[in-house]
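# Overview (structure and organization)
As a plain string of letters, each chain reads:
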Amino acid sequence: MRIKSAEVNVTSPGRNFVTLRITTEDGVTGLGDATLNGRELAVRAYLDDHVVPLLLGEDAARIEDTWQYLYRGAYWRRGPVTMAAIAAVDTALWDIKAQYAGMPLYQLLGGACRTGALAYGHASGRDVPELLDSVRAHLALGYRAIRIQTGIPGLDSVYGVAASSPGGGERYDYEPARRVTGGGRLRPTVEIWDTRAYMRHVPAVFEAVRSEFGPELPLLHDAHHRMTPIQAARLSRDLEPYDLFWLEDATPAEDQEALRLIRHHTTTPLAIGEVFNSVHDYTTLLSGRLIDYVRSAVTHTGGVTAMKKLLDLAAVYGIRSGMHGPTDISPVGMAAALHLDLAVHNFGIQEYMRHSPQTLDVFRTSYRFEDGLLHPSDTPGLGVDLDTEAAAHFPYQQAYLPVNRLSDGTVHDW
Ligand code: EZ4
Ligand code: CO
């Protein structure tokens, strides 16, 4: 099971993806997602220049040892670029091992704890009527849990809202990293933000959705790191009558203590961690029981090995998974998440934004969405193939997420 070759593939079928493909001497290939939205080429360089040369000739079966070697051996710890690179290697090695075993990956992780992973989709609208249409469209697609985001009166463009949703259906190009040129240079777009306008508007949106769809439907919301702790405490309390499944990223995530203040004031369940890359980002949050759901993704947190350990630690505190699953997690990263979703006892929910048909022409998936649940399929390994010929038709395109500013020009969290 020696590693014969490893290549990094960068492709942009609708949006950018970075994929590591490892091949063993006997021709088994494994895939790992290394996509870091807006910083893709940094991970490619980290892999090409500093990781791939270390892998050639090594034993593909030694997954834990390889993880430790890349993590401890680099001396410099953690960080999104490093951990996405390690994640790709780790995931590709699990894919290979499961194919050698002739089993879907979830079997090697302990086997299925459930028949499928409850998934939530993203409904959005520029205003409430458009949002209600979008919720209806998501229910028609089979979703049994739905995240709701709307435009805010007075603000031109807000996180999580598709520019327009004809027919209220799912839009594949919601929140792409965008390309804007100004003065001959590519720059992120700028959005203007007002937290007080947002906080005044959101409770009425939940009121409208609950009165239209009733008390049963699990509803989620992403505040995307924009409030102060005391603002977040206030909004979480204002939303209590609407029984959220969770409020996500209420405050900037790196300040773990901020969640303690929110927690003192509210029973709204809290989720955080999509921008984290290590179990060490969570120690205060977990031991203090300050959150209810862990938002990390396999892709950004060091792979299947590290994500399993993080979720096992969360389980000690009764905290559940809610893995990040936007379209900038590639189909490879999504498949890896689904195998873990099936295998860990403390699964909570899985975010699921569908990839575009263009993306799915390049990444051939076998996972399926049925009756609101995702299943990774019983194909040996991860169950995803990368069509490198198709990928070659979509070269990398420089693109960035927007940047937020307040009306006076101050940079704010996006
Ligand atoms: O903004 O993945 O919950 N999902 C999210 C995502 C993130 C993007 C950033 O690349 O917050 O939409
Ligand atoms: Co989020």
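One numbering rule holds for all chains: residues counted from 1, following each sequence as written. Lettering of chains starts at A and numbering of ligands starts at 1, both following the order in which they are written. Per-residue local features of the predicted model are confined to residues with pLDDT of at least 70, and side-chain atom pairs are confined, for both listing and counting, to 80 or more; whole-chain, interface and lining totals are unaffected and use all residues. As a rule here, side-chain values cover all heavy atoms of the structure and leave hydrogens and water aside.

## Quick notes on helix H8 (residues 258-265)
Selection rule: The cut-offs for exposure are 20% and 50% of the maximum accessible area for each residue type, with area from a 1.4 Å probe on protein chains only; residues under the lower value are buried, those over the upper are exposed, and the others partly exposed. The way it works is that DSSP assigns letters per residue, a run of H or I at least four long becomes a helix, a run of E at least two long becomes a strand, and they are numbered from the N terminus. Directions pointing from the helix axis toward each C-beta atom define the arc. Pairs of residues are marked as contacts when any of their non-hydrogen atoms sit within 4.5 Å.
Residues Ala258, Leu259 and Ile262 constitute the buried set of H8. Down the axis of H8, the sector holding all buried residues measures 90 degrees, keeping them to one side. Those residues of H8 that are buried are in contact with helix H7 (229-238), strand E11 (270-272) and helix H9 (283-287).

## Digging into the coordination of the cobalt ion (ligand 2)
In ideal tetrahedral geometry, four donors around a metal make angles of 109.5 degrees, whereas ideal octahedral geometry with six donors gives angles of 90 or 180 degrees. Cut-off, in case you're wondering: Think of the donor list as every N, O and S atom within 2.8 Å of the metal, or within 3.2 Å for Na, K and Ca; water never makes the list, so a site can look incomplete. Here a site with four donors is tetrahedral if all angles are between 85 and 135 degrees, and a site with four or six donors is square planar or octahedral if opposite donors are over 155 degrees apart and the other angles are between 65 and 115; anything else gets the irregular label.
The cobalt ion (ligand 2) binds to the protein through Asp222 (OD), Glu248 (OE) and Glu274 (OE), with metal-donor distances spanning 1.9 to 2.1 Å. Taken together, the six donor atoms coordinating the cobalt ion (ligand 2) and their angles of 25 to 177 degrees define a geometry best described as irregular. All donor residues of the cobalt ion (ligand 2) come from one chain, and their arrangement in sequence is D-x25-E-x25-E. Note that Asp222 is positioned in strand E9 (residues 219-222) and Glu248 in strand E10 (residues 246-248), a separation of 26 residues in sequence.

## Remarks on the packing of aromatic side chains
Selection criterion: Here the aromatic set is Phe, Tyr and Trp, taking the six-membered ring for Trp, and pairing holds for ring centres within 6.5 Å; pairs whose planes are under 30 degrees apart are stacked, those over 60 apart are edge-to-face, and all others are tilted. Throughout this description, the term charge over a ring refers to an Arg CZ or Lys NZ atom that lies within 6 Å of the ring centre and within 35 degrees of the ring normal.
Scanning the model with the defined rule gives 14 aromatic pairs in all. Seen from their ring centres, Tyr159 and Trp414 are 5.3 Å apart, and the 85 degrees between their planes marks the pair as edge-to-face. One end of the pair, Tyr159, is in the loop between strand E5 (146-150) and strand E6 (180-182); the other, Trp414, is in the segment after strand E20 (411-412), with 255 residues separating them in the sequence. Overall, Tyr159 belongs to the buried group, its relative accessible area being 6%. The rings of Tyr120, Phe245, Trp246 and Tyr293 are connected pair by pair, giving a single aromatic cluster. The aromatic ring of Trp193 is capped on one face by Arg226, whose charged end is 4.5 Å from the ring centroid.

## A short note on the environment of Leu285
Looking at the secondary structure, you find Leu285 in helix H9. Linking Leu285 and Gly273, residues twelve residues apart in sequence, is a C-alpha distance of 9.9 Å. When sequence neighbours within four positions are dropped, the list of residues in contact with Leu285 reads Gln256, Leu259, Ile272, Phe276, Leu290, Ile291 and Ile319.

## Re the pattern of salt bridges
This is how the line gets drawn: Salt bridges are defined by distance alone: a side-chain nitrogen of Lys or Arg within 4 Å of a carboxyl oxygen of Asp or Glu.
Counting across every chain of the model gives 18 salt bridges. The salt bridge partner of Glu64 is Lys309, with a shortest N-O separation of 2.8 Å. On the criterion of sequence distance, the pair formed by Glu64 in helix H2 (residues 63-73) and Lys309 in helix H10 (residues 303-316) is long-range, its members being 245 residues apart. The partner of Glu370 in a salt bridge is Arg368, with the nearest N and O atoms 3.3 Å apart. Residues joined by salt bridges that share partners form a network here, namely Glu248, Glu274, Arg295 and Glu351.

## Quick notes on the sheet that holds strand E8 (residues 190-193)
The test is simple: Whether two strands pair comes down to DSSP finding at least two bridges between them.
Strands sit in the order E8-E19-E20 across an open sheet of three strands; the sheet is mixed. For this open sheet the edge positions go to E8 and E20, each flanked by a neighbour on one side alone.

## Considerations on the sheet that holds strand E1 (residues 3-11)
Here is the rule: What counts as an axis is a line fitted to C-alpha atoms, over the stretch in contact for a helix, and the angles between N-to-C directions run from 0 to 180 degrees.
Across the sheet, three strands lie side by side as E1-E2-E3; this open sheet has antiparallel pairing. Because the sheet does not close on itself, it has two edges, and the strands there are E1 and strand E3 (29-33). Adjacent strand axes in the sheet meet at a mean angle of 20 degrees, parallel and antiparallel pairs treated alike. Of the strand pairs in this sheet, strand E2 (residues 17-24) and E3 are connected by five bridges, and their pairing is antiparallel. The residue of E3 that forms the bridge with Leu20 is Gly32. Where helix H1 (residues 40-55) meets the sheet, it contacts E1 and E2, and its direction lies at approximately 175 degrees from that of E1.

## Focus: the pairing of strand E13 (residues 320-323)
Inclusion rule: Handedness rule for crossovers: strands pointing away from the viewer, path from the first strand over the helix to the second running clockwise, crossover right-handed.
Two elements, strand E12 (residues 293-294) and E13, share two bridges in a ladder whose sense is parallel. Bridging from a neighbouring strand, Tyr293 pairs with Arg320 of E13. Between the parallel elements E12 and E13, the chain passes through H10 in a crossover that is right-handed. The pairing of E13 with strand E14 (residues 349-351) spans two bridges and is parallel. Following the sheet pairing, Met323 is matched in E14 by Gln350. Crossover E13 to E14 through helix H11 (residues 331-343) is right-handed.

## Quick notes on the packing of H2 against H10
Helix-helix packing: each pair is described by the crossing angle between the helix axes and the interaxial distance. Going by this rule: Our angle categories are set so that under 35 degrees counts as roughly parallel, over 145 as roughly antiparallel, 65 to 115 as roughly perpendicular, and the remainder as oblique. All amino acids are sorted into three groups, where Ala, Val, Leu, Ile, Met, Phe, Trp, Tyr, Cys and Pro are nonpolar, Asp, Glu, Lys and Arg are charged, and the leftover types, Gly among them, are polar.
Packing of H2 against H10 leaves a shortest axis separation of 9 Å and a crossing angle of 90 degrees. Here H2 lies roughly perpendicular to H10, going by the angle between them. Every residue of H10 that contacts H2 at Ile63, Glu64, Trp67 and Gln68 is listed here: Thr305, Ala306 and Lys309. Among the residues forming the contact of H2 with H10, the class breakdown is three nonpolar, two polar and two charged.

## Digging into the domain arrangement of the chain
In plain terms, the rule: Bear in mind that the domain bounds are from an automatic or database domain assignment. Once two parts are brought into contact, the accessible area they lose, counted with a 1.4 Å probe and summed over both, makes up the buried area. Polar contact is defined as a pair of N or O atoms within 3.5 Å, subject to the rule that within protein one atom must be able to donate a hydrogen and the other to accept it, and that residues adjacent in sequence are counted only when both atoms are side-chain atoms.
What the domain assignment lists for the chain is domain 1 (3-105) and domain 2 (108-380). Summarising the inter-unit geometry, the C-alpha centres of domain 1 and domain 2 are found 25 Å apart. Listed as interface residues are 36 residues of domain 1 and, on the opposing side, 37 residues of domain 2. Carbon and sulfur atoms supply 61% of the area buried between domain 1 and domain 2, which totals about 2900 Å² over both sides. Of all residues in domain 1, Arg15, Asp33 and Leu105 give up the largest surface area on contact with domain 2, accounting jointly for 23% of the area buried on that side. Remark: the boundary between domain 1 and domain 2 carries three salt bridges. The tally of links between domain 1 and domain 2 comes to 17 residue pairs in polar contact (both at pLDDT 80 or more). Counting residues per element, the ones that place at least two in the side of domain 1 that touches domain 2 are E2, E3, H2 and helix H3 (80-101). Class assignment of the residues belonging to the side of domain 1 that touches domain 2 gives a composition of 19 nonpolar, eleven polar and six charged.

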